[in-house]
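Here is how the chains run, residue by residue.
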Amino acid sequence: MRRVNKDERTRVALTLNGRAVSGDAESRMLLADFLRHVLGATGVHVGCEHGVCGCCTVLIDGTAVRGCLTLAVQAEGRTVTTVESLASPDGKLNALQLAFQQHHALQCGFCTPGILMSFTDYLASNPHPTEDEIREVLSGHLCRCTGYAGIVAAVLAASGGAAKPEGRSRT
Ligand code: FES
Ligand code: FES
């Protein structure tokens, strides 16, 4: 039986934000590290590295996944979408990004790419979520700055919804 050398590199080819790209990855390399350090998609952030904080969230074939719980080699042949894809090529923010800006849904911004990608996936299948549904999705992300209320307001605004009356809003 062939011994697997964990340092051996494999060529991984994928579509990243609409472009065919490829790079070499060790068999144990995480997708988040591959995207950042090999392919230069530094909008992908890495926090806890064990699936808790959500800041490494990207889309594979349109579905949100943790970049720290996925191996780079698992992206072979797949379509990967990161936060870099959201604004138009001339730098115009999309509706969700604009809502985050307008509702002060970020401070340091470290958690923001992952949250934007989770909601990009979620809003594609549920374009008009309730506040509780938004909070359910947000429960998969940690933000140490905003207190979450601004993020909920931003997603509601981007999806045409309205926040619960004053006093019922939770941080
Ligand atoms: S870095 Fe992936 S979930 Fe925290
Ligand atoms: S804006 Fe700083 S961690 Fe969320």
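Residues numbered from 1 in each chain as written. Chains lettered and ligands numbered in written order. Predicted model: local features only at pLDDT ≥ 70, side-chain atom pairs only at ≥ 80, totals over all residues. Heavy atoms only, no water.

> Sorry if this is basic, but what is going on with the environment of Ala124 here?
Note that Ala124 resides in helix 3 (residues 112–125). For Ala124, a relative accessible area of 67% corresponds to the exposed category. The spacing of Ala124 and Val155 is 31 residues in sequence and 13 Å in space, taken between C-alpha atoms. (Helix = DSSP H or I, 4+ residues; strand = E, 2+ residues; numbered from the N terminus. Buried < 20%, exposed > 50% of the residue type's maximum accessible area, 1.4 Å probe, protein only.)

> How do you make sense of the side chain of Thr70 when you look at a structure like this?
If you trace the backbone, Thr70 turns up in the loop between strand 4 (63–66) and strand 5 (79–81). Given the relative accessible area of 10%, Thr70 is considered buried. Within the local environment of Thr70, its side chain forms a polar contact with the backbone oxygen of Arg66, the two atoms lying 2.7 Å apart. Discounting chain neighbours no more than four positions away, the residues touching Thr70 are Leu30, Leu31, Ile60 and Val65. (Polar contact = N/O pair within 3.5 Å; in protein donor to acceptor, adjacent residues only side chain to side chain. Contact = heavy atoms within 4.5 Å.)

> It is not clear to me how the packing of helix 2 (residues 95–102) against helix 3 should be interpreted in this structure. Could you clarify?
Packed helices, taken two at a time, are described by the angle their axes make and the gap between the axes. At a closest axis distance of 10 Å, the pairing of helix 2 and helix 3 adopts a crossing angle of 130°. One way to sum up the angle between helix 2 and helix 3 is to call them oblique. Relative to helix 3, helix 2 is oriented so that their crossing is right-handed. Contacts between helix 2 and helix 3 involve Leu96, Gln97 and Phe100 on the former and, on the latter, Thr112, Ile115, Leu116, Phe119, Thr120 and Leu123. Its residues assigned to classes, the contact of helix 2 with helix 3 shows six nonpolar, three polar and no charged. (Axes fitted to C-alpha atoms, helices over the stretch in contact; angles between N-to-C directions. Parallel < 35°, antiparallel > 145°, perpendicular 65-115°, else oblique. Left-handed = near helix turned anticlockwise from the far one by under 90°. Nonpolar A, V, L, I, M, F, W, Y, C, P; charged D, E, K, R; others polar.)

By themselves, these figures tell us nothing about what the structure is for.
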